[in-house]
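Report on the structure
The primary structure of each chain is shown beneath.
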Amino acid sequence: MKLFRAVSLAALLLSTAIAPALAAEPVIGVSVPNLGSSFWISVLYGVDTAAKADKAKLITLSAGGDANSSQQISQIQDLIQRKVDAIIVGATNGDAVKAIVERAVAAGIPVVGISSPPNTDKLAAMVSADHYDMGKLQAECLAKAIGGKGEVAMMAGPTGQAWSDLRAQGFRDTLAKVAPNVKIVAESRLADNRNAALTTADDWIQRFPDLSGVYSATDDMAAGVVSALKSAGKGSVKVSASNLSPTAQQMLKDGDLACTSIQQIVAQGKAALDQAIAAATKGKVDAKVVTPAVLVTPDNVGSIDLSLVVAPADYRP
């Protein structure tokens with residue numbers, strides 16, 4: 001049974017025929033918040049795979065963390081000075097990088113946003129998942145797992161990033177509809193960091209002894225939550241997450257996660273590279289590419305086709 005349906009097959013898996021051939025390999029800059037994150041590693045795997053197929057050269061830069069907007073701004077400035085053919089940007093903070101992205105566009109360099117886009121209407125294309133629906137799926141799953149009542153807390157993800165805002169909003173809206181007897185007692189807007197999530201979860205365990213469930217914006221944050229709950233002997237508290245790293249796959253198999261709502265991360269990376277080449281070569285560009293969300297549970301994790309979802313465990317950008 002296939003769990004994934006392409007929203008637009010042409011948009012997700014474009015061939016090299018989308019644009020005229022260049023005299024030399026196009027040079028594509030890739031600027032992302034953090035290559036220590038399983039999500040961005042999978043994005044880069046998709047970009048890298050497509051670049052090899054399309055014979056493009058990549059310059060990959062990591063800001064080193066969601067809070068390092070100034071570092072990302074400096075790196076994008078460097079890409080502008082190097083006169084790359086196009087830039088793919090996953091923003092540390094959409095507002096913070098807006099000006100430098102618009103400077104790149106003004107210099108004649110098309111910019112493709114991916115997942116957490118710069119907050120500008122100057123983008124050549126935007127590639128993302130249905131983040132609101134990812135939050136919706138988590139709410140439905142977590143509400144069912146805790147019996148439709150009780151207290152939950154939210155590891156809502158970093159501020160200033162569209163994906164975390166949309167997932168959190170989808171979770172809140174849906175929870176209010178499907179489980180009005182569930183109360184959200186705490187919400188944290190941390191960076192996507194396992195250790196920070198563990199520390200915050202430790203605090204919540206002390207403050208909310210009747211906690212029934214925890215929403216996690218990413219699987220890395222969920223891993224920190226699960227560690228804290230196990231250490232406190234609170235393994236009965238249900239945890240939901242998003243994304244499907246190897247760690248999340250193992251947590252599902254071990255019964256540590258009630259579910260994870262996932263996106264086709266590798267497919268997004270491939271689509272972003274193809275859109276960047278199309279924009280650089282004046283080819284046909286799809287302004288918006290959206291991949292659908294899918295719910296993964298301990299029951300179906302073994303049947304998921306991971307080829308468009310997550311990088312192989314041994315891949316290193």
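Residues numbered from 1 in each chain as written. Predicted model: local features only at pLDDT ≥ 70, side-chain atom pairs only at ≥ 80, totals over all residues. Heavy atoms only, no water.

1. Re the sheet that holds strand E3 (residues 86–89)
- Pairing is parallel across the open sheet formed by six strands, whose spatial order is E2-E1-E3-E4-E5-E11. Bordering the open sheet on either side are strand E2 (57–62) and strand E11 (288–291), each of which pairs with just one other strand. This sheet shows a mean twist of 15 degrees between the axes of neighbouring strands, independent of strand direction.
- Relative to strand E5 (residues 125–129), strand E4 (residues 111–114) runs parallel, the two sharing three bridges. Paired with isoleucine 114 across the bridge in E5 is valine 127.
- Strands in contact with helix H10 (residues 265–280) are strand E1 (27–32), E2, E3, E4, E5 and E11; relative to E5, the strand with the most contacts, it is inclined by about 175 degrees. (Pairing = 2+ DSSP bridges. Helix = DSSP H or I, 4+ residues; strand = E, 2+ residues; numbered from the N terminus. Axes fitted to C-alpha atoms, helices over the stretch in contact; angles between N-to-C directions. Contact = heavy atoms within 4.5 Å.)

2. Regarding the UniProt feature "domain: Periplasmic binding protein" (unreviewed entry) in the protein
- Per the UniProt record, "domain: Periplasmic binding protein" (unreviewed entry) is found at residues 28–282.
- With 48% helix and 20% strand, the stretch residues 28–282 has end C-alpha atoms that lie 14 Å from each other. (UniProt positions renumbered as here; feature names shortened; annotations may be inferred.)

3. With respect to H10
- Given a rise of 1.5 Å per residue, 16 residues ought to cover 22 Å, and the 23 Å separating the end C-alpha atoms of H10 matches this to within 8%.
- In terms of burial, H10 is largely enclosed, as 15 of its 16 residues are buried. (Expected span 1.5 Å × (residues − 1). Buried < 20%, exposed > 50% of the residue type's maximum accessible area, 1.4 Å probe, protein only.)

4. Some thoughts on the side chain of serine 31
- With respect to the helices and strands, the residue serine 31 is situated in strand E1.
- In this structure the side chain of serine 31 is engaged in a polar contact, spanning 3.0 Å, whose partner is the side chain of glutamine 72.
- Aside from chain neighbours lying at most four places away, what touches serine 31 is Leu61, Gln72, Gln75, Ile76, Ile88, Val89 and Gly90. (Polar contact = N/O pair within 3.5 Å; in protein donor to acceptor, adjacent residues only side chain to side chain.)

5. Structural notes on the packing of aromatic side chains
- A complete count under the given rule lists three aromatic pairs for this structure.
- Each ring, one from phenylalanine 39 and one from tryptophan 40, has its centre 4.8 Å from the other, and the planes form 85 degrees; the classification is edge-to-face.
- What makes phenylalanine 39 buried here is its relative accessible area of 6%.
- Residue classification places tryptophan 40 among the buried residues on the basis of a relative accessible area of 4%.
- Note on phenylalanine 171 and tyrosine 215: the rings are 4.5 Å apart at their centroids and 40 degrees apart in plane angle, and the pair reads as tilted. Here tyrosine 215 lies in strand E8 (residues 211–216) and phenylalanine 171 lies in helix H6 (residues 162–178), a separation of 44 residues in the sequence. Accessibility classification places phenylalanine 171 together with tyrosine 215 in one group, the buried group. (Phe/Tyr/Trp six-rings, centres within 6.5 Å; stacked < 30°, edge-to-face > 60°.)

6. Re helix H7 (residues 194–207)
- Under the 1.5 Å per step criterion, the end-to-end length of H7 is 20 Å for 14 residues, consistent within 8% with the ideal 20 Å.
- Where H7 is concerned, the buried positions are Ala197, Thr200, Ala201, Trp204 and Ile205. Around the axis of H7, the buried residues are gathered within 145 degrees of arc, so they sit on the same side. Structural note: H7 exposes Asn195, Thr199 and Gln206 on the side pointing more than 90 degrees away from its buried face.
- For H7, the secondary structure elements touched by its buried residues are strand E6 (150–155), strand E7 (182–188), E8 and helix H8 (219–231). (Arc of directions from axis to C-beta.)

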